[in-house]
Amino acid sequence: MSTVSSRAEAVRAVPLSRRSAMILAVASLGGLMMLVWPLLVRVQPETRVDPPFLFLALLPVVIAVVLAELSEGGLDTRVLAVLGVLSAVIAILRAVSAGTGGVELVFFMLVLAGRAFGPGFGFVLGVTSLFASALLTAGVGPWLPFQMLVSAWVGMGAGLLPRRVTGRAEIAMLAAYGVVAAYAYGLLTNLSGWPFLLGISVPGHDQTSISFDPAAPLVDNLQAFLAYTLITSTTSFDTGRAVTNAIAIVVLGPAVLATLRRAARRATVIGTTDVTA
């Protein structure tokens, strides 16, 4: 019985070989660097700093490369159907909830799907669902690639959580992860827009105390950014999103997770998956 159960838990709707995992890790590291560049750059006070608009062009390419690699092993039509349905459901949930006061029903479904179908599926679903919801809610803009990447990390992270945790402990773990993911999503997406929204400090021109200063040390810019994100979203939208995630996972999680796992068991993966240690 335990052998069958462990094999069922090891099923991945999207194949994740060692090469795929390596490409995913490298792409994620590159995406993280594109997000945290304001904290890494340091120039002389009189030097002009232009926002790295090249990142906006490169990030979609990075995401496309990862998606192509993850689908290299082949996807069963039922997996694609489930992916399409869940992407549509999440897009509709985002349109309905609209993030009012931080009440956003997107991530609880993403977390549960990543848990049921595995990290590869969670990554792909994070990308496709945010893209579909952006089209549905007219949310397409330079921020979208960063939102897609961070959402992909949320789905992938749920699939990487310990598999041995079951029952109520599993729901508690997923709820706690939903809270952490909500704050992490807000933090990272704020970082991508911080220099653009408040402007870059220029000598001789007035700027706010929480503006990005390319001549300032890392610690100063980090303090300015933390103050910015605390004021703009941590205590409002991010907290609302975290509470929504926790409540939705606790209340709806057991039933939704059971349904998704039944779908996962019926999904067939074409090709091989490297599950060796």
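Keep in mind it's a predicted model, so treat the numbers as computed, not measured. (Residues numbered from 1 in each chain as written. Predicted model: local features only at pLDDT ≥ 70, side-chain atom pairs only at ≥ 80, totals over all residues. Heavy atoms only, no water.)

K.L.:
Would you mind going over the packing of aromatic side chains with me for this structure?
P.N.:
Enumeration according to the criterion identifies four aromatic pairs in this entry. Ring centres 5.4 Å apart and planes at 55° place the aromatic pair W194 and F225 in the tilted group. One end of the pair, W194, is in helix α8 (residues 167–198); the other, F225, is in helix α9 (residues 218–266), and 31 residues separate them in sequence. As far as burial versus exposure is concerned, W194 and F225 are alike and both buried. Relative to Y228, the ring of F225 has its centre 6.4 Å away and its plane inclined at 35°; by these criteria the two rings are tilted. Residue F225 and its partner Y228 are both found in helix α9; the two are separated by three residues, about one turn of the helix. An aromatic cluster is defined as three or more aromatic residues linked by ring pairs; in this entry it consists of W194, F225 and Y228. (Phe/Tyr/Trp six-rings, centres within 6.5 Å; stacked < 30°, edge-to-face > 60°. Helix = DSSP H or I, 4+ residues; strand = E, 2+ residues; numbered from the N terminus. Buried < 20%, exposed > 50% of the residue type's maximum accessible area, 1.4 Å probe, protein only.)

K.L.:
Would you take a moment to explain a nonpolar patch on the surface for this structure?
P.N.:
There is a patch of nonpolar side chains on the surface, built from V243, I247, V250, V251 and L252 and spanning about 450 Å² of accessible area. Mapping I247 onto the fold places it in helix α9. (Patch = residues over 30% accessible without salt bridge, like charges linked within 9 Å, V, L, I, M, F, W, Y side chains within 5 Å. Areas by Shrake-Rupley, 256 points an atom, 1.4 Å probe, with all protein chains shown as cover. Salt bridge = Lys/Arg side-chain N within 4 Å of Asp/Glu carboxyl O.)

K.L.:
What am I meant to see in the environment of I249 here?
P.N.:
With respect to the helices and strands, I249 occurs in helix α9. I249 gets classed as buried once you look at its relative accessible area, which sits at 0%. As for I249 and M173, which are separated by 76 residues in sequence, their C-alpha atoms are 9.9 Å apart. Excluding anything up to four places from it in sequence, I249 contacts F108, V111, L112, I171, L174, A175, G178 and P254. (Contact = heavy atoms within 4.5 Å.)

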